[in-house]
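# Commentary on secondary and tertiary structure
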Amino acid sequence: MDIKTLSKKFPIQTRAIILDVELLVSTIIEKEENTVSIKTKALVDTGANGSCISNRLVSACRLHPVSAMKMISAQGMSIAQVYEVSMILPNGIQFSEIPVVEVAGSKAFDIIIGMDILSNCDFSFSSDDNESCFSLRIPSAKKLIDFTENK
């Protein structure tokens, strides 16, 4: 696999990593399956075990669930619908047929990129006095980064 990288800089006061992504969804129109491309925003969330999709985007794309699962969130435990989508990050990396769980969503983003995707990458978030930078590399270099080593 070719090495692909992505970096995005943010103002220092930024409290969320939100990326522009392209979502590829299969829809059935007049008994014919079509793939539709949708540009949307995605939150990078290391606290999410899996990736999620907003109920607004599910409705807009007329997605059909492939399964259901128990989900534990800040609101408690619930049964959530699971869908399959493909996602392309700004650097052209495509994640195909990833399961995404339906959630309420946010005005700022429709996708949550969770650890199911991030665990395939090396990534960092660093800051100086003026800005912050999110940087990602896939595939992983298979070398652990530990800032406590070699102080």
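Scroll up a little and you will see the structure.
These remarks concern the structure in this document. (Residues numbered from 1 in each chain as written. Predicted model: local features only at pLDDT ≥ 70, side-chain atom pairs only at ≥ 80, totals over all residues. Heavy atoms only, no water.)

### Observations regarding the packing of aromatic side chains
- With the rule as written, the count across this model stands at one aromatic pair.
- Geometrically, the ring pair formed by Phe-123 and Phe-134 is tilted, given 6.3 Å between the ring centres and 40 degrees between the ring planes. Here the residue Phe-123 occupies a position in strand E9 (residues 122-127), and Phe-134 occupies one in strand E10 (residues 131-138), the gap between them amounting to eleven residues.
- Here Phe-134 falls in the buried class, since its relative accessible area comes to 1%. (Phe/Tyr/Trp six-rings, centres within 6.5 Å; stacked < 30°, edge-to-face > 60°. Helix = DSSP H or I, 4+ residues; strand = E, 2+ residues; numbered from the N terminus. Buried < 20%, exposed > 50% of the residue type's maximum accessible area, 1.4 Å probe, protein only.)

### Concerning the nonpolar core
- In this structure, Leu-23, Ile-53, Met-87 and Ile-113 are the most contacted members of the largest nonpolar core, which totals 31 residues.
- For this core, the element with the most residues is strand E2 (residues 18-29), which contributes four residues.
- Ignoring sequence-local partners within four residues, the contact set of Ile-113 consists of Val-21, Ala-42, Leu-43, Val-44, Asp-45, Ser-51, Met-87, Leu-89 and Leu-118.
- Listed in part, the eleven residues of the second largest apolar core include Ala-48, Ala-80, Val-82 and Val-103. (Core = buried A, V, L, I, M, F, W, Y, C linked by side-chain atoms within 4.5 Å. Contact = heavy atoms within 4.5 Å.)

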